[in-house]
Each structure stands twice: as C-alpha cells, then as structure tokens.
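For reference, the chains in residue letters:
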Amino acid sequence: MAKLYIVGTPIGNMKDITLRAIDTLRAADIVACEDTRHSRPLLAQYGINAQLVAYHKFNEAECARKLVDFVKSGKNVALITDAGMPSVSDPGAEVVGLCRTEGVEVESVPGPNAVATAVALSGVKSTGFVFLGFLPEKASARDELVRRADGAELPLVIYVAPHDVKKTAAYLAGVLGDRKAYVVREMTKIHESVTETSLASFECEERGEIVLIVEGARRENELLALTPEEHLRRYVEAGMDKKEAVKKVAAERGVPRNEIYKLSVV
C-alpha cells in the first residue's frame, strides 16, 4: 500500500542524511520539495530521479490535496523541506493532517534537526526547552508568545534571520530582562560557531543560518530568605533524608556542603 513519507534532510552538510532516507527517496514515485531548485543537488548526489513537486507555504493547502490524491492512486510520496524535518517551522503539517483525516498512512523517516543540534552545541543546562520557531511579526502576538513560553522557566529556542538577530535580542532584553544567550550559526557547515553572549550586551556575527537560545527564567527560592539552619530544618521536617537535605541546601545556597553538614550535627 502506498504511503506519504516524511523525510528528514541535511541542515547543512550533505553527508548528514540517513541510509533509510536515501532508500526511501530512491523508492518514491514523487518527491514533494519546499524548493525544487534547492533540493535537486542533494537528490542528484544520491541518484534520486523521482518526479518533483513544489510544496511550500504559498501553495500548502492546495498541494496537500494533490499529494494525498497521489498516494490514494497508489504512488509513494516523500515529503522533504530545504533542511531538517518537515512540519518543524516548515511546510508539512497540512498534508499530514489531511492524510490522518482521510485514512492515508504516514511514515516518518527522521533525520537532522536544527533545534536539537543547536541545543546540544550550546551546552545550555536544562531538563528541556521551549521551541518558538520564528517569532510572530505582530507585536501583540509576539509579546504573548514570549511571556507565555517564559513561564515554563526553560531555555527558549528561536529561529532568527541574520539581519534580525540583534533587533530580536534587544526586544527579548526588553521583555525578559538580561539573560545569557547563545547564538548558534551555520550548523554542520564549514563556519559553524557558537557565541555565548547576553541579551543586554549582545554580540554575534550576523551571517548564515542562526538559532538563538535564551537561558530560562529562574524562580526566586523563598527558602533563601531563611537562615541556613531554618532552610535545612524545612527540608528535614518535610521528610527528606538528612544527607539529601544537606546536599540540597548547600547546592541552593551555593556554599560548601560541609558548612551545612556542621549545622545538621549541632
């Protein structure tokens, strides 16, 4: 039975394509591309000669119908974007949604992803992150999105055009205050770089593909207003093992563990 395949493609280095992605694209009857001119060199390098169809944000709804009809007629369709995974700040969601509605099978062939690559390269420490894609152009929508996302107290990951990056940093500084920021540029390419900076004193090279990562908000720990003894007692009275309580208080107050340990044996 024919399917729609969602295929990840390189975000820079052409060698960053999976063997499964190559096999899928070679077997496809039709490859739907965000920009056929951009995709041709990649497809040619791996001997992929399928019929190409342009599928982009300006014809997404209309072309989604066409792609679903291709699959229903028995043709395997592979959907790719200029870089990375379809539907992640790129076209793809429309046709996937239509396939789900009409019972057409969709299979994912995952590949490179700029968001995960940028977070890994930055070294930002967190249990997660909030991906915002490109910020809305409308000021009210942009403000609402940023403030709501910042409530998660996680790093914010944003796609930014190089000519907008300094303006975006200044805007974020006004909304969020000064924060540490990482500018990840040209991932997997020759000039790949990570610049550690801050929103208020922002510096970076304004060229190439850019992902901006902003450190998450830090909630003020109310226990820091207590004395170290009271801080420790709160955790112990809450049922925490004394050893773990000592470790936690020391970490939260940024002091050597033995200082807090002395309080526990008084």
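Described below are features of the structure shown in this document. Since the structure is predicted, the reported quantities are computational estimates derived from the model, not experimental observations. Positions within a chain are numbered from 1, following the residues in the order the chain's sequence is written. Local features are withheld for residues below a pLDDT of 70 in this predicted model, meaning they are given only at 70 or higher, and side-chain atom pairs are given and counted only at 80 or more; totals for whole chains, interfaces and linings count all residues. Calculation of side-chain values draws on the structure's entire complement of heavy atoms; hydrogens and water are dropped beforehand.

## Quick look at the sheet that holds strand S1 (residues 4-7)
What counts here: Strands are treated as partners if at least two bridges between them are detected by DSSP. In DSSP terms, a helix is any run of H or I states spanning at least four residues, a strand is any run of E spanning at least two, and both are numbered starting from the N terminus. Fitting a line to C-alpha atoms yields each axis, with helices limited to the stretch in contact; the angle taken between N-to-C directions then spans 0 to 180 degrees. The contact criterion used is simple: two residues touch if any of their non-hydrogen atoms lie within 4.5 Å.
Taken in spatial order, the five strands line up as S3-S2-S4-S1-S5 in an open sheet, and their pairing is parallel. The open sheet has two edge strands, strand S3 (51-54) and strand S5 (106-109), and neither has a second partner. Across the sheet, the mean angle separating the axes of adjacent strands is 25° when strand polarity is ignored. Relative to S5, S1 runs parallel, the two being bridged by four bridges. Among the inter-strand pairings, Ile 6 is bridged to a residue of S5, identified as Ser 108. Where helix H2 (residues 36-45) meets the sheet, it contacts strand S2 (30-33) and S3, and its direction lies at approximately 150° from that of S3. With respect to the sheet, helix H4 (residues 93-102) is in contact with S1, strand S4 (77-79) and S5, its orientation differing from that of S1 by roughly 150°.

## Quick look at the packing of aromatic side chains
Our working rule: Only Phe, Tyr and Trp rings are paired, with Trp represented by its six-membered ring, and only when their centres lie within 6.5 Å; those with planes under 30 degrees apart are stacked, over 60 edge-to-face, the remainder tilted. The buried label applies to any residue whose accessible area, calculated with a 1.4 Å probe on protein chains only, is under 20% of its type's maximum; exposed applies above 50%, and partly exposed to all values in between. In our convention, an over-ring charge means Lys NZ or Arg CZ found within 6 Å of a ring centre and within 35 degrees of that ring's normal.
Evaluation of the coordinates by the stated rule reveals two aromatic pairs. Geometrically, the ring pair formed by Phe 131 and Tyr 159 is edge-to-face, given 5.0 Å between the ring centres and 70° between the ring planes. With Phe 131 in strand S6 (residues 130-134) and Tyr 159 in strand S7 (residues 156-160), this pair connects stretches of sequence that are 28 residues apart. Its relative accessible area of 29% is what places Phe 131 among the partly exposed residues. Residue class for Tyr 159 comes out buried when judged on its relative accessible area of 13%. In textbook terms, an aromatic cluster arises when at least three aromatic residues are bridged by ring pairs, as seen for Phe 131, Phe 134 and Tyr 159. The cationic tip of Arg 142 hangs over the ring face of Tyr 171; the distance from NZ or CZ to the ring centre is 4.8 Å.

## Focus on the sheet that holds strand S8 (residues 180-185)
Across the sheet, which stays open at both edges, the five strands sit in the order S6-S7-S10-S8-S9 with mixed pairing between neighbours. Looking at the sheet topology across the chains shown, the edges are occupied by S6 and strand S9 (193-198). Averaged over all pairs of adjacent strands, the angle between strand axes in this sheet comes to 20°, irrespective of strand direction. As paired strands, S8 and S9 are joined by six bridges and run antiparallel to one another. Bridging from a neighbouring strand, Val 184 pairs with Val 194 of S9.

## Section: the layout of surface pockets
Empty pockets left among the atoms are what a rolling probe the size of a water molecule brings to light. Stated precisely, the cut-off is as follows: Two kinds of site are reported from a 1 Å grid over the protein atoms alone, namely cavities, where a 1.4 Å probe fits but cannot get out, and pockets, open sets with protein on both sides within 12 Å along at least five of seven lines, and residues are called lining when an atom falls within 4 Å of a point. Grid points are joined across faces, edges and corners, and a volume is the space filled by probe spheres set on the points.
Taken as a whole, the largest pocket spans an internal volume of roughly 1,000 Å³. Taken together, 34 residues make up the lining of the largest pocket; nearest its centre are Glu 34, Asp 82, Ala 83, Asp 90 and Glu 209. Elements with a minimum of two residues in the lining of the largest pocket: H2, S7 and strand S10 (210-214). Per-element accounting of the lining of the largest pocket gives the leading share, three residues, to H2.

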